[in-house]
Amino acid sequence: MITFAAALTIGCNSNKPKVNEPLADSGRTERTENMLENLKQLGDSGVYMFGHHDDTVYGIGWEADYTNDSTIGAKSDVKSVCGDLPAVLSFDLGHIELGDDQNLDGVPFDYIRKEAINHFDHGGLVTLSWHLNNPLSSGSSWVADSLKDIEQNTVTAVLEGGEKHELFLGWIDKVADFINSLETPYGVKVPVVFRPWHEHTGSWFWWGQDFCTAEQYKALWKMTAERLKEKGVVNALLAYSPGTEPNGEVEKYLERYPGDEIIDVLGLDAYCSAPDADSTLILDFAQKLDRNLAMVAKVAKEHGKAMALTETGYEGIKTAEWWTMTLAPILAKHPISYILVWRNARENPTHHFAPYPGHISASDFIKFYNLNETLFLHDVNALYLKRK
Ligand code: BMA
């Protein structure tokens, strides 16, 4: 009996990689790799997960009690409308680089950590964005006209040989520390999708199109990916998410692509900016989304990557059937693994991208929830399992 037990233990140790040990070929944990494979398969099987930024930490008219663990995952505008949480939760790491306790939107990092672990424990996916400050101007991610000269030099300053290079490596280290700290009480690292340097095809962030060359942008990614690896991060997939400026042109989408060895998820950030329900911009958005998703799908297929609509939404959702009449018909045409709508700002109620009880689009959102192709938290329970 003892011999059998010993053999079993030895067998387990030799055959099964330890949960947090990186696999030799990818340098990431088995669960992280399984998640990537499952993202690819979701896209191919015509279903996609629904996601919402800051979903469980605040919404319209409420905010979680960050001093109380019992509020973790307990409330959500999406859940209040359809009865289920999003399958994907997104959080932002902006200001972690400054050593602050809370992010740029006032959510404590300790609480985000608990939310992320809890969501993984329930089978969901966590993605992290990073609206970090500008290390040269000390301003925010967003460029300010008065600081244009500084913005112009920021990427140069953080790359090797630049005056802020060492400082900046320290900033990436703070992100690495956070991702490394995402571990369940039973000792499993939580796989995440990390999505820095997004919307670089526009020029509103200091890493945007007008503020660095393609080579510098790629170098920024390479430095980020290498530093995370050096700091022992084994549980992060990296997502590339340009805006809609490439407008369907593959060459433009790939102009600043850092490479297959760095990127795992090919994304797109696309927003509807119609001023009201009658605006032709609603149809324009649908067409723009369609064109750009077709482009991402083509690249994803050719490069063997997962594909996601990494940010989308319509601020204020001013038309009642936006979910099933505008968004869903376009999404159904493309192999998307997940979509993510932006936040419902408790401090600025018109700045919302998901419905809440009483919202004009709430009943349509329930129809959207009931579509066969949309997956919410109760629908995804095997995201980290290996497929045969
Ligand atoms: C923007 C807005 C801002 C917010 C930022 C980071 O799109 O929602 O209010 O601070 O994202 O979350």
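As the structure is a computational prediction, the values presented were derived from the model and not from experiment. Note on numbering: residues in each chain are counted from 1, in written sequence order. Given that this is a predicted model, residues contribute local features only at a pLDDT of at least 70 and side-chain atom pairs are listed and counted only at 80 or more, while totals for whole chains, interfaces and linings are drawn from all residues. Side-chain measures here rest on the full set of heavy atoms in the structure, leaving out hydrogens and waters.

Novice: Even after reading the chapter, I still don't get the packing of aromatic side chains, so can you show me in this structure?
Specialist: For any two aromatic rings, the description comes down to two numbers: the centre-to-centre distance and the angle of the planes. Any pair of Phe, Tyr and Trp rings, taking the six-membered ring for Trp, is counted once the centres come within 6.5 Å. Such a pair is stacked with planes under 30 degrees apart, edge-to-face with planes over 60 apart, and tilted for the rest. Overall, the coordinates contain 30 aromatic pairs when judged by the stated rule. Here the aromatic rings of Tyr-48 and Phe-368 are separated by 6.5 Å at their centres, their planes lie at 45°, and the arrangement is tilted. Taken together, the positions of Tyr-48 in strand β1 (residues 48-53) and Phe-368 in helix α11 (residues 362-370) put the pair 320 residues apart, joining distant regions of the chain. As far as the burial class goes, Tyr-48 and Phe-368 line up, both buried. The rule is simple: take the accessible area with a 1.4 Å probe, protein chains only, and divide by the maximum for that residue type; under 20% is buried, over 50% is exposed, in between is partly exposed. On the basis of relative accessibility, which here comes to 0%, the residue Phe-368 falls in the buried class. A run of DSSP states H or I qualifies as a helix once it reaches four residues; a run of E qualifies as a strand once it reaches two. Both are numbered from the N-terminal end.

Novice: Honestly, the pattern of salt bridges in this entry has me stumped. Any pointers?
Specialist: Side-chain pairs of opposite charge can arise whenever the charged atoms involved come near each other. Whenever a carboxyl oxygen of Asp or Glu lies within 4 Å of a side-chain nitrogen of Lys or Arg, that contact is scored as a salt bridge. In total, this model carries 22 salt bridges according to the counting rule given. Residues Arg-28 and Glu-33 are paired through a salt bridge, measuring 2.8 Å at the closest nitrogen-oxygen approach. Here Arg-28 falls in the buried class, since its relative accessible area comes to 13%. Assessed through its relative accessible area of 17%, Glu-33 is described here as buried. Between Arg-343 and Asp-105 there is a salt bridge; the shortest N-O distance is 3.6 Å. Placement of the pair is Arg-343 in the loop between β10 (338-341) and α11 and Asp-105 in the loop between β4 (88-92) and α4 (109-121), with a sequence separation of 238 residues. Exposure remark for Arg-343: the relative accessible area of 8% places this residue in the buried category.

Novice: Honestly, α11 in this entry has me stumped. Any pointers?
Specialist: Counting along an α-helix, one turn takes 3.6 residues, and residues three or four places apart therefore face a common direction. Along α11, the positions that sit buried rather than exposed are Ala-362, Asp-364, Phe-365, Phe-368 and Tyr-369. Seen from one end, α11 has its buried residues packed into an arc of 155°, which puts them on one side. Away from its buried face, by an angle of more than 90 degrees, α11 presents the exposed residues Ser-363 and Asn-370. Where α11 is buried, its residues meet β1, α3 (77-82), α10 (322-331), β10 and β11 (374-375). Relevant arc is that of directions from the helix axis to the C-beta atoms, nothing else. In what follows, a contact means two residues having at least one pair of non-hydrogen atoms within 4.5 Å.

Novice: Help me understand the confidence of the model for the protein chain in this model?
Specialist: Low-pLDDT portions of the prediction should not be read for the details of their coordinates. Across the protein chain, the average pLDDT comes to 94, with 95% of residues at 70 or higher. You can read pLDDT as the predictor saying how much it trusts each residue, on a scale of 0 to 100. β4 holds the highest mean pLDDT among the elements of the protein chain, 99, whereas helix α1 (residues 2-15) holds the lowest, 41. Overall, residues 1-16 carries pLDDT values under 50, and its contacts beyond four positions in sequence, including any with other chains, amount to one contact.

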